[in-house]
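# Structural description and commentary
Spelled out, the chains give:
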Amino acid sequence: MAARLTDAQIRQHRQWDAERHQLGLQCTLLRVWRGWTQADLAKRAQCPLAHVVAIESGDLARASLKTLKLLAGAFDVALLIRFAAYSTWLPRSWYREVL
């Protein structure tokens, strides 16, 4: 029988899922808005094309801090990383839900 996730585990999984989609979408939108291909972005950021493709598709395994800094530099934007309480970050319906 599968073990139930704790509230903390549920919040962590949901936060991770939302974050990976948000980061990938943000990267794609910034790139497309500039009229760049994924190869253009990889060249400008001086990172492997595979990293750009992975990040845009939501695979954050290649989203090291170094890679994110390179992408931010290519886009000429700030990279903001912060800690936030789940109660202020996740929608209330997610935070209060009990599985």
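For the structure itself, consult the block above.
Residues numbered from 1 in each chain as written. Predicted model: local features only at pLDDT ≥ 70, side-chain atom pairs only at ≥ 80, totals over all residues. Heavy atoms only, no water.

Inspection of the entire model under this criterion finds zero disulfides. Just so you know, C27 is unpaired, no disulfide at all, and the nearest cysteine sulfur is the one on C47, 8.4 Å from it. For C47, a relative accessible area of 9% translates into the label buried. (Disulfide = S-S within 2.5 Å. Buried < 20%, exposed > 50% of the residue type's maximum accessible area, 1.4 Å probe, protein only.)

Although it is not a glycine, Q46 adopts a positive phi angle of roughly 55°. Within the secondary structure layout, Q46 lies in the loop between α2 (38–45) and α3 (49–56). A relative accessible area of 68% means that Q46 is categorised as exposed. You will see that D76, though not glycine, has its phi angle at about 60°, which is positive. By the secondary structure assignment, D76 is in the loop between α4 (65–75) and α5 (86–89). On the basis of relative accessibility, which here comes to 70%, the residue D76 falls in the exposed class. (Helix = DSSP H or I, 4+ residues; strand = E, 2+ residues; numbered from the N terminus.)

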